[in-house]
Amino acid sequence: MNTGVVLINLGTPASPDAGAIRAYLSEFLSDPRVVEIPPALWKPILNLAVLPLRPSKLVPKYRQIWMEDGSPLLVYGKRLAQGVQAQLDREQIAATVVLAMRYGQPSMQQAFTQLREAGCERILIVPLYPQFAASTTATIFEHTLALFRDARDLPELRFVKRFHQLPGYLDTLAQNVRDYWREHGKPQQLLLSFHGLPKRSVELGDPYLRDCTATAEALQLRLAAEGVPIDIAFQSRFGRAEWLGPSTLSVLQAYPGDNIRHVDVLCPGFVADCLETLEEIRIECARAFSQAGGEQFRYIPCLNDQPAWINAMTGLIRQHIAGWPDLDAV
């Protein structure tokens, strides 16, 4: 019996144009898991302020990071899925691997339809978020169940909650840093920048901060011999609520005053480069660091489609589909 595997990331506009960005933001910011403001208060803000104004401001940002084949998040996601599929095929593991986005295209519905047409009656859901958060991983779980709510013939489902302690993920991240330093030299400071989250989410029981801290500690152990100090910060704040801190921007702006002028930044919470890494970190944060007196700012790319990362993801999938009974056996 063939097994389906769906690798799911956040999503991306179909193009770096205002209309496509508006459609993506509308879907993304309408999810109550993402914006935990009562709909009666949030919808007027979204429809009258955010959607009319925000897309046009994001157009030049997306155009700066757009690749020849499309959005980096989509391009690297496809390459990851193709690489995992090829490795499973070499290992003669009967599995069909597809990529989906929680918001935008290819949609989760399209992925499930593709797997159904391929005869998959067992599906493994793999959110591409190393650290769990209700606003990312949980909404994928919730949407999966919603899509199958009215189905007559349901597949067996398994979900991967998180993989922040997966040795392959951590080892590949650490080796990524070592390889970068071997080629470019070491900085004074390494800053680990995770995506932000409102503090209220953590206070209500979200394990995200705990997962990020565990990831940082595991990387510190693996990179201890390099002798480079490591800090942790949080980026991509949105709205007026109090978010996890310190903020990546404030940390970078303070470094030169502490005589830290050579900094590398790594974003362990993102497995593929996207707007938040390539534009916010590599361009905006680099500019702010320089304006504060910094001399050397370097962004270390995400895992993207590195062979070691493809191998690690294949191993994770192999572990999670193991033990499914062979119902075709006589």
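Up top is the structure.
Cut-off values and rules
Residues numbered from 1 in each chain as written. Predicted model: local features only at pLDDT ≥ 70, side-chain atom pairs only at ≥ 80, totals over all residues. Heavy atoms only, no water. Phe/Tyr/Trp six-rings, centres within 6.5 Å; stacked < 30°, edge-to-face > 60°. Lys NZ or Arg CZ within 6 Å of the ring centre and 35° of its normal. Helix = DSSP H or I, 4+ residues; strand = E, 2+ residues; numbered from the N terminus. Expected span 1.5 Å × (residues − 1). Buried < 20%, exposed > 50% of the residue type's maximum accessible area, 1.4 Å probe, protein only. Contact = heavy atoms within 4.5 Å. Axes fitted to C-alpha atoms, helices over the stretch in contact; angles between N-to-C directions. Parallel < 35°, antiparallel > 145°, perpendicular 65-115°, else oblique. Nonpolar A, V, L, I, M, F, W, Y, C, P; charged D, E, K, R; others polar. Pairing = 2+ DSSP bridges. Salt bridge = Lys/Arg side-chain N within 4 Å of Asp/Glu carboxyl O. Polar contact = N/O pair within 3.5 Å; in protein donor to acceptor, adjacent residues only side chain to side chain.

1. Observations regarding the packing of aromatic side chains
This model, assessed by the stated rule, comprises 10 aromatic pairs. Members of the aromatic cluster, each reached through a chain of ring pairs, are Y24, F28 and Y103. Its end group placed over the ring of W324, R158 keeps NZ or CZ at 4.1 Å from the ring centre. Across from the ring centre of F132, 5.0 Å away, lies the NZ or CZ of K161, which sits over that ring.

2. Regarding helix α11 (residues 307-321)
The terminal C-alpha atoms of α11 lie 21 Å apart, and with 15 residues this matches the ideal 21 Å at 1.5 Å per residue to within 8%. Of all the residues in α11, the buried ones are W309, I310, A312, M313, T314, G315, L316, I317 and I321. Where α11 is buried, its residues contact β1 (3-12), α3 (72-90), β3 (122-127), β4 (156-159) and α6 (167-184). Positive phi shows up at G323, right after α11, with a value of about 90 degrees.

3. Looking at the packing of α6 against α11
Contact pair α6 / α11: the axes reach a minimum separation of 8 Å and the direction vectors enclose 170 degrees. As the angle between them shows, α6 and α11 are arranged roughly antiparallel. Taking contact as the criterion, the partners of G168, Y169 and T172 in α6 are, on α11, A308, W309 and A312. Broken down by class, the residue content of the contact of α6 with α11 amounts to 4 nonpolar, 2 polar and no charged.

4. Regarding the sheet that holds β4
Read from one edge to the other, the open sheet built from 4 strands follows the order β2-β1-β3-β4, with strand pairing classed as parallel. Where the open sheet ends on each side, the last strands, each with one partner, are β2 (95-104) and β4. Neighbour-to-neighbour, the strand axes of the sheet open up by a mean angle of 25 degrees, direction not taken into account. Examined bridge by bridge, β1 and β2 share 9 bridges and lie parallel to one another. Residue pairing across strands places I8 opposite A100, the latter belonging to β2. Sheet strands touched by helix α1 (residues 18-29): β1 and β2. Its angle to β2, the strand with the most contacts, is close to 95 degrees. Along the sheet, α3 makes contact with β1 and β2, crossing β2 at roughly 165 degrees.

5. Side note on the pattern of salt bridges
Any two side chains of opposite charge can pair, on the condition that their charged atoms come close. Within the structure shown, the criterion is met by 14 salt bridges. Here R298 and D264 are joined by a salt bridge, their closest N and O atoms 2.7 Å apart. Here D264 lies in strand β7 (residues 262-266) and R298 lies in strand β8 (residues 296-299), a separation of 34 residues in the sequence. Owing to a relative accessible area of 10%, R298 belongs among the buried residues under this scheme. A relative accessible area of 0% means that D264 is categorised as buried.

6. Describing the environment of P301
Mapped onto the secondary structure, P301 falls in the loop between β8 and α11. For the pair formed by P301 and F270, sequence separation is 31 residues and the distance between their alpha carbons is 9.7 Å. Non-local contacts of P301, meaning those with residues more than four positions away in its chain, are made with N176, Y180, L266 and D273.

7. As for the side chain of Q85
Structurally, the position occupied by Q85 is in helix α3. Note on Q85: relative accessible area 16%, which makes it buried. Only 2.7 Å separates the side chain of Q85 from the backbone nitrogen of V97, close enough to count as a polar contact. Sequence-distant contacts of Q85, defined by excluding residues within four places in its chain, comprise A95, T96 and V97.

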